[in-house]
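# Tertiary structure, described
Chain residues, written in single-letter form:
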Number of protein chains: 2
Amino acid sequence: MPAKRTAPSARRSGPQPTPAELRERILSATRELLRGRRFDDLSVADVLAAAGVSRASFYFYFPSKQAVLGELVRDAVAQGQQAARPWIAQEKDPIAALRAGVSDGARLWRENAGVLMAIVESWGSDEGLRDLWLEQMDTFTEAAAARINADPHARERLGSMDVRAVAASLTWMGERLYYLAAAGVPPFDDERVLIDTLTNAWTSALYGATVTRAEAVRGRADKPRSGT
Amino acid sequence: MPAKRTAPSARRSGPQPTPAELRERILSATRELLRGRRFDDLSVADVLAAAGVSRASFYFYFPSKQAVLGELVRDAVAQGQQAARPWIAQEKDPIAALRAGVSDGARLWRENAGVLMAIVESWGSDEGLRDLWLEQMDTFTEAAAARINADPHARERLGSMDVRAVAASLTWMGERLYYLAAAGVPPFDDERVLIDTLTNAWTSALYGATVTRAEAVRGRADKPRSGT
DNA sequence: AGGAGACCATACATAGTGTATGGACATCAA
DNA sequence: TTGATGTCCATACACTATGTATGGTCTCCT
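Position labels on residues start from 1 in each chain and follow its written sequence. As they are written, the chains are lettered A onward and the ligands numbered 1 onward, keeping that order. Local features are withheld for residues below a pLDDT of 70 in this predicted model, meaning they are given only at 70 or higher, and side-chain atom pairs are given and counted only at 80 or more; totals for whole chains, interfaces and linings count all residues. By convention in this description, side-chain values take in all heavy atoms of the structure and omit both hydrogens and water.

In the nomenclature of an unreviewed UniProt entry, chain A corresponds to TetR/AcrR family transcriptional regulator from the organism Actinoallomurus spadix.

### Considerations on the relation of the copies chain B and chain A
Relating the two copies of this chain is a rotation about some axis coupled with a shift parallel to it. Using the following cut-off: Superposing copies: least-squares fit, C-alpha atoms only, residues required to have pLDDT of at least 70 in both.
Between the two copies, chain B and chain A, the superposition gives an RMSD of 0.0 Å; the rotation angle is 180° and the shift along the axis is 0.0 Å. These values place the two chain copies in the arrangement generated by a two-fold rotation axis. Minimal C-alpha distance to the rotation axis in chain B is attained by Met173(B), lying at 2.5 Å.

### Here's the deal with the packing of aromatic side chains
How two aromatic rings sit relative to each other is given by the distance of their centres and the angle of their planes. What counts is decided by this rule: Between rings of Phe, Tyr and Trp, where Trp is taken as its six-membered ring, a pair exists when centres lie within 6.5 Å; planes separated by under 30 degrees are stacked, by over 60 edge-to-face, and by other angles tilted. A helix here means a DSSP run of H or I that spans at least four residues, while a strand means a run of E at least two residues long, and both kinds are numbered starting from the N terminus. The classification of residues rests on relative accessible area computed with a 1.4 Å probe and restricted to protein chains. Under 20% of the type maximum is buried, over 50% is exposed, and intermediate values are partly exposed. Two thresholds decide whether a charge sits over a ring: the Lys NZ or Arg CZ must be within 6 Å of the ring centre and within 35 degrees of the ring normal.
Counted by the stated rule, this structure contains 12 aromatic pairs over all chains. Aromatic pair Tyr179(A) and Trp123(B): ring centres 5.9 Å apart, planes at 80°, arrangement edge-to-face. Here Trp123(B) lies in the loop between helix 7 (113-122) and helix 8 (127-149) and Tyr179(A) lies in helix 10 (residues 163-182), a pairing that spans two chains. Neither residue differs from the other here; Tyr179(A) and Trp123(B) are each classed as buried. Three or more aromatic residues joined by ring pairs make a cluster, and in this case those are Phe58(A), Tyr59(A) and Phe62(A). For Lys65(A), the ring lying beneath its charged end belongs to Phe39(A), and the centroid distance is 4.7 Å.

### A word on the confidence of the model for chain A
In regions of low pLDDT, the predicted coordinates are not meant to be interpreted in detail. All names here are of chain A. Inclusion rule: For every residue, the pLDDT score states the predictor's confidence, bounded by 0 at the bottom and 100 at the top. Contact definition: two residues touch when any of their heavy atoms are within 4.5 Å.
Summary statistics for chain A give a mean pLDDT of 81 and a share of 78% for residues scoring 70 or more. Looking across chain A, the model is least confident in helix 12 (residues 213-219), with a mean pLDDT of 45, and most confident in helix 10, with 97. For residues 1-17, every residue scores under 50 in pLDDT, and the model assigns this stretch 6 contacts once sequence neighbours within four places are set aside. Confidence drops under a pLDDT of 50 for residues 213-228, and excluding neighbours within four residues, the segment shows 19 contacts in the predicted structure.

Put into structure tokens, the structure is as follows:
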């Protein structure tokens, strides 16, 4: 009997020309295809053709199309965890840090639009993707909640509000707005509007401050200016 | 040649036992099935069985499964337009009206959870549903923006922020939170938390007021006080 | 050399969508 | 009554997609 379906993990003892780089080829082909097509318009056959891999090999490495997406999402989000780092770590003026985090989020979404749009559109239809995405959102929520609780100003402003819930609502609002931006839905297709609006939502909820665009642009810590 | 595929609309001259109540049966069967199952776990065959209608009849009245959902959504959202009425019409204290609107939204979502969850999960994958949903969200956004512009207090608070964008962000945040609540995702599965959080998001963005839960519960019916 | 593991080609079972065909039956007009 | 029209049903088909199964090939390692 052929291919006894053993674990595809480390099993070899010596070097090999193409150990499991097929796995990588599948991942990156999927990532590329997702750049121009929606996840459920993407068939396994398409991935096969793009990756130059056989059907059998595909299913040897991944149990399903969804599993591939899951892995791509984990990769992408791992970067995202760092985007919120500055604000979380209380490294500088909270509002400036918040804006920086929102901007980094926008960049992350711009660079991984295909993958992230795919997960947002699909986590409702697949148990595994659902768990993955809820866990990711929860991680962000948890971090934001901890940060809020450590900030007397924000803490006081929220009064008896459920801090966790406020953090979650802002996190999910971000998910929605970034998605809409990636999908080209106005007015969020304009990155400046996206960042201003999202930053404002966070600051007005936590600090009661409304940062106008003018102030925002002036107060921007870094220099990643968007188009014109 | 049989069934010449004429328009299914009013074509008859006299009374008939079952003119097009089949159409209605299909709609309500789908609505019921959606109460316990996700839209894409629902096959046309399931609807056929539940409605007691043949496959041919189904496709005589509807071009697709999505079209049925579209019609159900229009029905449900028509009620929703009224939920926002009090605040939009400036009928009373804006914060109280806002909370009332958010509560009505929650009720609407509770009563039409199946249909609304279905559209939220599916508008990304179908052109028609996408247009429908974006149009609905736009209607809410437009109304909110108009209301904000008519309110000097809110208008001033937003400074140079893009009013339309702020209105859209709050609308979409609502979409997300109601959906999460319907899907049973904590902490929004607790309706009190959902309403408090969402109301707070609107009030803190527009009026700079944070309404705590205690105040909220006390003032729920008619006269809440704004925070601080 | 020969065995094992990685890979491929192909075919299959299953399930879903939307279309096509032909027939049953009721109403209405003549 | 007859026949045309229009509504509806049963069934079958064409197509697409997923995930599995079978067997063969190549290459490296021992």
